[in-house]
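These are the residues of each chain, in order.
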Amino acid sequence: MSYTVLARKWRPRQFDEMIGQEHVLRALINSLEHDRLHHAYLFTGTRGVGKTTVARVLAKALNCETGITARPCGECRACTEIDQGRFVDLIEVDAASRTKVDDTRELLDNVQYAPTNGRFKVYLIDEVHMLSTHSFNALLKTLEEPPPHVKFLLATTDPQKLPVTVLSRCLQFNLKRLAPEALAGHLERLCQAEEVAAEPRALGLLAAAAKGSVRDSLSLLDQAIAYGGGRVSTDEVAEMLGSIDRDQILRVLEALARGDGRSLLACVAVMDERAPDYDAGLQALAELLQRIAVMQLVDAGLEESPEREALQGLAETLSPEAVQLYYQIALLGRRELELADAQRGAFEMTLLRMLAMQPAGGPGLAADGGVAAQSGGHRAAPSRATAPPEVTTASPTEAVRHSRPAAARGAAAPARAARAPAAPAGVSAGMAEPAADWGRVIAAAGLRGAALQLASHCVLQARDGSRWRLALDAAGAHMNTANIRGKLEQELSAHLGEPVELVIAQAGRPAPTPARQQAEARDARLQAAREALAADPNVRALEETFDATLHLDSVQPLPPIDS
């Protein structure tokens, strides 16, 4: 007996056999049970989500010999002939191949005649958006006032192309893409029924590759079974799809968090051994970054997956700014892959861009203002004394260009050092070590991630035993969630060896927070760099001799050097 592909063998024949689409099925079942039938139904959605399938089941429900029912018997002549594709009163039309108005008129000539065997004559027009304008005009009158024995079931992947006059005459049902988890569960049930050994992770890869299409997922499963010789394993599916292992993407993120370019390129070399789909790699990278952002800024408890522990570590290591930047670069990198001759090179360039364009101080926040910087995979210890920041300059010839922005990173002149505020009253009492200000308190505690972000936008106002009263700057108000506040309390308590209860109130006016001090110091260095370049005699000579222009907006100072 010839083999029947899974997509045809397991095609649903009842509404309750369909997965997902409950919003569509509920409406159809209720209308059938209460005999509230419309004359025209429009099913929309991407390929493989069940538009034609639900239309055929509806045709059976309308023509089943047991009566109009939401659960056709599947055994009567009408049901079996519809399943076999030979029911004379179900007229299936592929609009993509019958676009001419003459085809439509020929089709409609028989509308007036009563059904031969069934209760209703059902016209199922697939890809209806492919009909020509004249064909739609020919269809309109019949679609609006068809004979009582006629039902129109229309299906399309592109409802935007349908005339509004057609849309207004139909009940519209939009079938959704299925979630990867739902598809993976469906594939697992089919593998059990087919007695095929399948690894859950392999089925997850197939479900993700199907992009919400049930038919695509079954076709991929067929391919995977053939590729694996009757079994479905993770390694073989990954090789077949050219997909990149999520563990490899996590290693890429860890290398970025350490600022380790060598490890970054080594990860890409390992990926390249399987000739992967680099677009899917950037897509997976963006997805993980989105999940990290949710853990940082909303609630770490929302993340439930085997990767949770690794993502939690990255959420604490990377700053929210770095996560947002990497996400944007990953999305732009996907566009640029199409333009590149070498996919691996374009993928590497996207990762190197993330490495090169990290926020000041590395993937975490900058070192000044009580925030630890990262370099070469190690967190720099907080410095107790910071020398007045020096700025460095490139040669004036590099800094000034006649027709493009300057390349200088700074200027040879001392920046104005920002004064540290006086120690808040009562801060040092009962602490394991004295602290000069709130910035040094949080630096000494080794805070990371979202807890560090919240702390850096606060100032300590008072301390009453275990209760600490903090004033929160408006710029950090979005960080004041129960989850992040609890994390900050936990880390401070662990550092001090005693419980800490935080009472955080909104500051009435801009507060001298570590984050604000850091920004002010950065602005001071930038202003000093610009002034030094503008006053440099070599720069002036170039301006006068070559009519060059110094673009001050392109000047960026180097970060301060800890003593």
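These numbers were taken from a predicted model, which means no experiment stands behind them.

Peer 1: Help me understand the side chain of Thr 142 in this model?
Peer 2: Relative to the assigned elements, Thr 142 resides in helix H6 (residues 133-144). When its relative accessible area of 17% is taken as the criterion, Thr 142 is described as buried. In this structure Thr 142 touches Leu 108, Val 111 and Phe 152, once residues within four positions along its chain are discounted.

Peer 1: Teacher, can you tell me more about empty space enclosed by the protein here?
Peer 2: One way to see where empty space is left: roll a probe the size of a water molecule over the atoms. According to the stated counting rule, one finds 3 cavities of 30 Å³ or more in the structure shown. By residue number, the principal contributor to the lining of the largest cavity is helix H5 (residues 101-108), which donates 3 residues. Tallied by class, residues from the lining of the largest cavity come to 6 nonpolar, 1 polar and 2 charged.

Peer 1: Hey, could you run me through the layout of surface pockets in this one?
Peer 2: Considered as a void within the structure, the largest pocket measures approximately 1400 Å³ in volume. Around the largest pocket, the lining comprises 41 residues; the ones closest to its centre are Gly 204, Leu 205, Ala 208, Arg 246 and Glu 287. For the lining of the largest pocket, the secondary-structure elements that each account for two or more residues are helix H8 (180-194), helix H9 (200-210), helix H11 (234-241), helix H12 (246-258), helix H13 (261-272) and helix H14 (278-297). The leading source of residues in the lining of the largest pocket is H14, at 7 residues. In terms of residue class, the lining of the largest pocket is built from 16 nonpolar, 9 polar and 16 charged.

Peer 1: Explain the packing of H14 against helix H15 (residues 308-317) here, please?
Peer 2: Each pair of packed helices can be described by the angle between their axes along with the distance between the axes. Across the interface, H14 lies against H15 with an axial gap of 9 Å and an inter-helix angle of 70°. Overall, the two elements H14 and H15 adopt an arrangement that is roughly perpendicular. Note that H14 runs across H15; the crossing there is right-handed. In this structure, H14 contributes Leu 288, Arg 291, Ile 292, Met 295 and Gln 296 to the contact, and H15 contributes Arg 308, Leu 311, Gln 312, Leu 314 and Ala 315. Its residues assigned to classes, the contact of H14 with H15 shows 6 nonpolar, 2 polar and 2 charged.

Peer 1: Could you clarify how one ought to interpret a nonpolar patch on the surface in this entry?
Peer 2: Together, Leu 265, Met 349 and Leu 352 make up an exposed nonpolar region whose accessible area comes to about 240 Å². On the secondary structure map, Leu 265 appears in helix H13.

Peer 1: Sorry, what's going on with the packing of aromatic side chains here?
Peer 2: The way to describe two aromatic rings as a pair is by their centre distance and the angle between their planes. Summed over all chains, the structure comprises 5 aromatic pairs. Between Tyr 41 and Phe 173 the ring centres are 6.2 Å apart and the planes differ by 20°, which places this aromatic pair in the stacked class. In this pair, Tyr 41 sits in strand E1 (residues 40-44) while Phe 173 sits in strand E5 (residues 171-174), placing the two residues 132 residues apart along the sequence. Accessibility assignment for this pair places Tyr 41 and Phe 173 in one class, buried. Geometrically, the ring pair formed by Tyr 123 and Phe 152 is stacked, given 5.4 Å between the ring centres and 25° between the ring planes. Of this pair, Tyr 123 sits in strand E3 (residues 121-126) while Phe 152 is found in strand E4 (residues 150-156), placing the two residues 29 residues apart along the sequence. Residue classification places Tyr 123 among the buried positions, given a relative accessible area of 2%.

What counts and what doesn't
- Throughout this document, residue positions are counted from 1 along each chain, in the order its sequence is written.
- At least 70 in pLDDT is required for a residue's local features to be given in this predicted model, at least 80 for side-chain atom pairs to be given and counted, and no such filter applies to totals for whole chains, interfaces and linings, which use all residues.
- Based on all heavy atoms of the structure, the side-chain values leave hydrogens and waters out of the count.
- To qualify as a helix, a DSSP run of H or I must reach at least 4 residues; to qualify as a strand, a run of E must reach at least 2; elements of each kind are numbered from the N terminus.
- Remark: exposure states derive from per-residue accessible area (1.4 Å probe, protein chains only) relative to the maximum for the residue type, with buried under 20%, exposed over 50%, and partly exposed in between.
- Should any heavy atoms of two residues lie within 4.5 Å, those residues are considered in contact.
- Both cavities and pockets are sets of points on a 1 Å grid over the protein atoms alone; in a cavity a 1.4 Å probe fits but cannot get out, in a pocket the set is open with protein on both sides within 12 Å along at least five of seven lines, and lining residues sit with an atom within 4 Å of a point.
- Grid points are joined across faces, edges and corners, and a volume is the space filled by probe spheres set on the points.
- Note on residue classes: Ala, Val, Leu, Ile, Met, Phe, Trp, Tyr, Cys and Pro are nonpolar, Asp, Glu, Lys and Arg are charged, and everything else, Gly too, is polar.
- Between N-to-C directions, angles cover 0 to 180 degrees, with each direction set by a line fitted to C-alpha atoms, over the stretch in contact for helices.
- Working rule for angles: under 35 degrees goes down as roughly parallel, over 145 as roughly antiparallel, 65 to 115 as roughly perpendicular, anything else as oblique.
- Crossing handedness: left-handed means the near helix sits turned counterclockwise from the far one by under a right angle, and right-handed means the same turn made clockwise.
- Patches in this entry comprise residues that are over 30% relatively accessible and not in a salt bridge; like charges within 9 Å are linked, as are nonpolar side chains (Val, Leu, Ile, Met, Phe, Trp, Tyr) within 5 Å.
- Each accessible area is a Shrake-Rupley estimate made with a 1.4 Å probe; only the visible protein chains count as cover when residues are assessed.
- The term salt bridge refers to a side-chain nitrogen of Lys or Arg lying within 4 Å of a carboxyl oxygen of Asp or Glu.
- The rule is short: rings of Phe, Tyr and Trp, with Trp giving its six-membered ring, pair when the centres are within 6.5 Å, and they are stacked under 30 degrees, edge-to-face over 60, tilted in between.

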